[in-house]
Amino acid sequence: MIIFVIIVLLVGWAFSQLSNFGYNGLIIALIISLVMTGGSYFHGDKVALWQAGAKGPIDKNTSPYVYRLVENLAITAGLPMPKVYLIKDQAINAFATGRNPQNASIAITTGAIDKLANNELEGVIAHELSHVKNYDILLMTVVIVLVGLMALLSDWFIRIRFWGGSRNDNNDGDNKLKAIFMIAGIILLILSPIIGQLIQLAISRKREFLADASGALLTRYPQGLANALEKIAAENMPMKQANNATAHLYIANPFGRGKHFMASLFATHPPIAERIVALKKMI
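Residues numbered from 1 in each chain as written. Predicted model: local features only at pLDDT ≥ 70, side-chain atom pairs only at ≥ 80, totals over all residues. Heavy atoms only, no water.

Trainee: Which residues make up helix H3 (residues 64–77), and what values go with them?
Mentor: For H3, with 14 residues, the first-to-last C-alpha span of 20 Å sits near the 20 Å given by 1.5 Å per residue. Buried residues of H3: Val66, Tyr67, Leu69, Val70, Glu71, Leu73, Ala74 and Ala77, and no others. Directly after H3, the chain includes Gly78, whose backbone phi takes a positive value near 75°. (Helix = DSSP H or I, 4+ residues; strand = E, 2+ residues; numbered from the N terminus. Expected span 1.5 Å × (residues − 1). Buried < 20%, exposed > 50% of the residue type's maximum accessible area, 1.4 Å probe, protein only.)

What follows is the structure, encoded as structure tokens:
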């Protein structure tokens, strides 16, 4: 979050040098950074649930089977009961979100409930509860909102050149500076999606291995989660409302398994085969 604020302030300074706004650009950038970081911290979970099309929360009466599974595992893990949401999608998947265990939510697809055996679904839920216990949910939820900030800034950087004008347009030095900033803005515009993807990769891949191991310790049955991952790999079904901003939250890639090198290189999850091997070593 600190790095993102610094980046926003640097871009704001660049705006102030490029446009007629002066140092107002820096002030505007500071306000945007504070609003975006605060919004991601307090409301990022709601954004993730909304983008996934999650419905709920469920209770003991509406979905007793799923509710009891989550409740029992939460008690075992020593966690507060999270809110549980359902996603109407036949793909097998799930994710956890929220800023802390007291404000955590878990979303599970109807496909996971319908297709997984009891111990397999327990493994999936235990994996997500491990994200909650390890505070991965805070880190992952904040990323949802902040990753989009670079794209917003790069777009603003380009547009302000045409709408805001610049100071001392007749000055050759300022014209050269303006050209430099325009080039920087174009580079930022091109690189911002890649930067955002790299941030997601850095956070997600190692945390998935940790959540697999923690979930297996919670259920005392690594084979259950391994079997669930095998079904996900065999099915390879993309989700209907898969979104790049929230892809790193899910237990498995919501876009399905990549079939070429670049897809694997930029995947938000480690290969399922490697995760299964690691789990089976725990048996």
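Trainee: So what's going on with the nonpolar core? Residues and values would help.
Mentor: The biggest cluster of nonpolar side chains holds 38 residues, and the ones touching the most others in it are Ile108, Leu121 and Ile125. For Leu121, the contacting residues outside a window of four places in its chain are Tyr65, Leu69, Ile108, Ala112, Ile113 and Leu116. Grouped together as the second largest cluster of nonpolar side chains are 12 residues, Ala48, Leu49, Phe95 and Met239 included. (Core = buried A, V, L, I, M, F, W, Y, C linked by side-chain atoms within 4.5 Å. Contact = heavy atoms within 4.5 Å.)

Trainee: Residues and numbers for the sheet that holds strand S1 (residues 54–55), please.
Mentor: By definition, the strands of a sheet pair up through backbone hydrogen bonds, in either a parallel or an antiparallel sense. With mixed pairing, 4 strands are arranged side by side in an open sheet as S1-S2-S4-S3. Of all the strands in the sheet, the pair left with one neighbour each is S1 and strand S3 (94–97). In terms of strand pairing, S1 meets strand S2 (residues 83–87) through 2 bridges, oriented antiparallel. Within S2, the residue paired with Ala54 across the bridge is Ile87. (Pairing = 2+ DSSP bridges.)

Trainee: I'd like a description of helix H10 (residues 272–280), backed by residues and values.
Mentor: For H10, the set of buried residues is Ile272, Arg275, Ile276 and Leu279. Down the axis of H10, the smallest arc covering the buried residues is 100°, so these residues share one side. (Arc of directions from axis to C-beta.)

Trainee: Describe in detail the pairing of S2, supporting the description with residues and values.
Mentor: The element S2 is largely enclosed, with a buried count of 4 among its 5 residues. Here 5 bridges tie S2 to strand S4 (residues 105–109), and the two strands are oriented parallel to one another. The partner of Ile87 across the bridge, within S4, is Thr109.

Trainee: Can you break down the pairing of S4 residue by residue, with the values?
Mentor: Most of S4 sits inside the fold, with 5 of its 5 residues counted as buried. Along S4, one buried face is formed by Ser105, Ala107 and Thr109 and the opposite face, lined by Ile106 and Ile108, is buried too. Inspection of the sheet shows S3 paired to S4 by 4 bridges, in the antiparallel sense. The partner of Thr97 across the bridge, within S4, is Ser105.

Trainee: Describe the side chain of Ser63, with residues and values.
Mentor: Secondary-structure assignment places Ser63 in the loop between S1 and H3. What makes Ser63 buried here is its relative accessible area of 15%. Ignoring any residue separated from it by four or fewer positions in sequence, one finds Ser63 in contact with Ile58 and Leu86.

Trainee: Could you give an account of the confidence of the model for the chain, naming the residues involved and the relevant values?
Mentor: Overall, the prediction assigns the chain a mean pLDDT of 81, with 68% of residues at 70 or greater. Of the regions scoring below 50 in pLDDT, residues 259–263 engages in 2 contacts with residues more than four places distant in sequence or in other chains. (pLDDT = per-residue confidence, 0-100.)

Trainee: Run through the packing of helix H8 (residues 222–235) against H10, naming residues and quoting values.
Mentor: Where H8 meets H10, the closest approach of the two axes is 9 Å, and the angle between their N-to-C directions is 165°. Looking at the two axes, H8 sits roughly antiparallel to H10. Crossing angle aside, the handedness with which H8 passes H10 is left-handed. Where H8 abuts H10, its residues Pro222, Gln223, Leu225, Ala226, Leu229, Glu230, Ile232 and Ala233 lie against Ile272, Arg275, Ile276, Leu279 and Lys280. In the contact of H8 with H10, the residues fall into 9 nonpolar, 1 polar and 3 charged. (Axes fitted to C-alpha atoms, helices over the stretch in contact; angles between N-to-C directions. Parallel < 35°, antiparallel > 145°, perpendicular 65-115°, else oblique. Left-handed = near helix turned anticlockwise from the far one by under 90°. Nonpolar A, V, L, I, M, F, W, Y, C, P; charged D, E, K, R; others polar.)

Trainee: Give me the packing of aromatic side chains: which residues, what numbers.
Mentor: Counted under the stated rule, the structure contains 1 aromatic pair. Centroid distance Phe95 to Tyr250: 4.9 Å. Interplanar angle 70°. Geometry classified as edge-to-face. Taken together, the residues span a long stretch of sequence, with Phe95 in strand S3 and Tyr250 in the loop between H8 and helix H9 (261–265) at a distance of 155 residues. Residue classification places Phe95 among the buried residues on the basis of a relative accessible area of 1%. A residue is classified by how much of its surface remains accessible, and Tyr250, at 1% relative accessible area, is buried. (Phe/Tyr/Trp six-rings, centres within 6.5 Å; stacked < 30°, edge-to-face > 60°.)

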